[in-house]
Amino acid sequence: MENAAKAKRQMPNSISPHLALGDAAARQLANATKTIPQLLGISPRWLVHLLPWVGVEAGIYRVNRVKDESRVLTACSQRDESDLPETFVDYDEHPREYLLSAVTTTVDVHTRVSDLYSSPHNQIEQQLRLAIETIKERQENELINNPEYGLINNIIPSQRVQPLTGAPTPDDLDELITKVWKKPSFFLAHPRTIAAFGREATRRGVPPATITIQGSPFLTWRGLPLVPSNKVEIKNGKSSILLLRTGESNQGVVGLYQPSLPGEQGMGLSVKFMGISRKAIASYLISLYCSLAVLTEDAIAVLENVEVEKYHDYKNDYR
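What counts, and at which threshold
Residues numbered from 1 in each chain as written. Predicted model: local features only at pLDDT ≥ 70, side-chain atom pairs only at ≥ 80, totals over all residues. Heavy atoms only, no water. Core = buried A, V, L, I, M, F, W, Y, C linked by side-chain atoms within 4.5 Å. Buried < 20%, exposed > 50% of the residue type's maximum accessible area, 1.4 Å probe, protein only. Helix = DSSP H or I, 4+ residues; strand = E, 2+ residues; numbered from the N terminus. Phe/Tyr/Trp six-rings, centres within 6.5 Å; stacked < 30°, edge-to-face > 60°. Lys NZ or Arg CZ within 6 Å of the ring centre and 35° of its normal. 1 Å grid on protein atoms, 1.4 Å probe; cavity = no way out; pocket = protein on both sides within 12 Å on 5 of 7 lines; lining within 4 Å. Points joined across faces, edges and corners; volume = space filled by probe spheres on them. Nonpolar A, V, L, I, M, F, W, Y, C, P; charged D, E, K, R; others polar. Salt bridge = Lys/Arg side-chain N within 4 Å of Asp/Glu carboxyl O.

Let us now look at the nonpolar core. Tyr 61 and Leu 244 are the most contacted members of the largest nonpolar core, which totals 49 residues. Among the elements that make up this core, the one with the highest residue count is strand 14 (residues 281–294) (8 residues). In this structure, Val 180, Ile 194, Ile 241 and Leu 303 belong to the second largest nonpolar core, which totals 18 residues.

Next up, the structure:
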């Protein structure tokens, strides 16, 4: 026992004393550079950016159409004295009306939190920013998938195309262009669907060219950009590719919004302070009013049931 105790006293100390201030202690006097809160679900929302938007009054947009175009009679280069055709253009007596829908939520912030913890980043501003980003993501989803006015649910049967082999091929997109041949604007598809088309085009020796829009590169086909959106759903390995013509002057697809809202913070976006409760919680109402209209039936078409999980094996043989 005495030998063991003596040996223990003779062992050098494994923890050497600090010769200078250590990192852990020094960090207590340092200010970390803090980012604003990040949100994984934020996407570029290209559809919202590329659509032309029309302000509507009273939240209603009426699409008037010609009732029967075949009744409009004309004559060309008459060299005799025959009577000129008499005609008129009739209108649909029951045109479709699009009503703006609202994407809303309320944000609650305790006044103690906003008072004490708003440096360097304002708590109320960040709470509102994240809520608005989430609402805008929901907006794009509704523009595509809403059962009443969404793009996918407003395509007539004659404008729906099926793929030749399952995977999206150049031939399929060419067929889609024949459906929207009057000034088509862009394709819209899930990023994985665009990747599947790129594989098929590359395999055929015609890799898609790229263009730059608003600083970002896009694959193209026949000069038309393939715009990505994760709101175009993939179900059981299958998805869709849409082709749009946009703009009122082109009788295409337009987005709808309500201008001049109280508390307006953007196009169709309103933020209103609702007050402070007896529990010292401040509440803010966020509302985004929007819809979408397809002015003529040939302004949009879709390639349905596109398989996005097909891959090709390439031989590694050399001559």
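Here the narrative resumes, following the displayed structure.
Each aromatic ring pair is summarised here by two numbers: the centre-to-centre distance and the angle between the ring planes. Going through the model one piece at a time under the given rule, you end up with 3 aromatic pairs. Arranged with centres 5.6 Å apart and planes meeting at 75 degrees, the rings of Phe 197 and Trp 221 form a pair that is edge-to-face. Linking Phe 197 in helix 7 (residues 191–203) with Trp 221 in strand 8 (residues 216–221), this pair joins segments that are 24 residues apart in sequence. One exposure class covers both Phe 197 and Trp 221, and it is buried. Here Phe 273 and Tyr 284 contribute two aromatic rings whose centre-to-centre distance is 5.2 Å and whose plane-to-plane angle is 50 degrees, an arrangement assigned as tilted. With Phe 273 in strand 13 (residues 269–276) and Tyr 284 in strand 14, this pair connects stretches of sequence that are 11 residues apart. Classification of Tyr 284 by relative accessible area gives buried; the value is 13%. For the cation-ring pair, Arg 199 lies above Tyr 311, with the distance from its terminal atom to the ring centre recorded as 3.9 Å.

Another aspect to go through is the layout of surface pockets. Considering only enclosed or pocket space, the largest pocket measures out at about 310 Å³ in volume. Every residue lining the largest pocket is counted, 13 residues in all, and those nearest its centre are Arg 65, Glu 69, Gln 251, Leu 295 and Thr 296. Here the residues of the lining of the largest pocket sort into 4 nonpolar, 3 polar and 6 charged.

The next thing to look at is the pattern of salt bridges. Counted according to the given criterion, the structure contains 14 salt bridges. With a closest N to O distance of 2.9 Å, Asp 174 and Arg 222 form a salt bridge. Taken together, the positions of Asp 174 in helix 6 (residues 170–179) and Arg 222 in the loop between strand 8 and strand 9 (224–228) put the pair 48 residues apart, joining distant regions of the chain. Classification of Asp 174 as partly exposed rests on a relative accessible area of 22%. Across the pair Arg 204 and Glu 200 runs a salt bridge, and its minimum N-O distance is 2.9 Å. Here Glu 200 falls in the buried class, since its relative accessible area comes to 4%.

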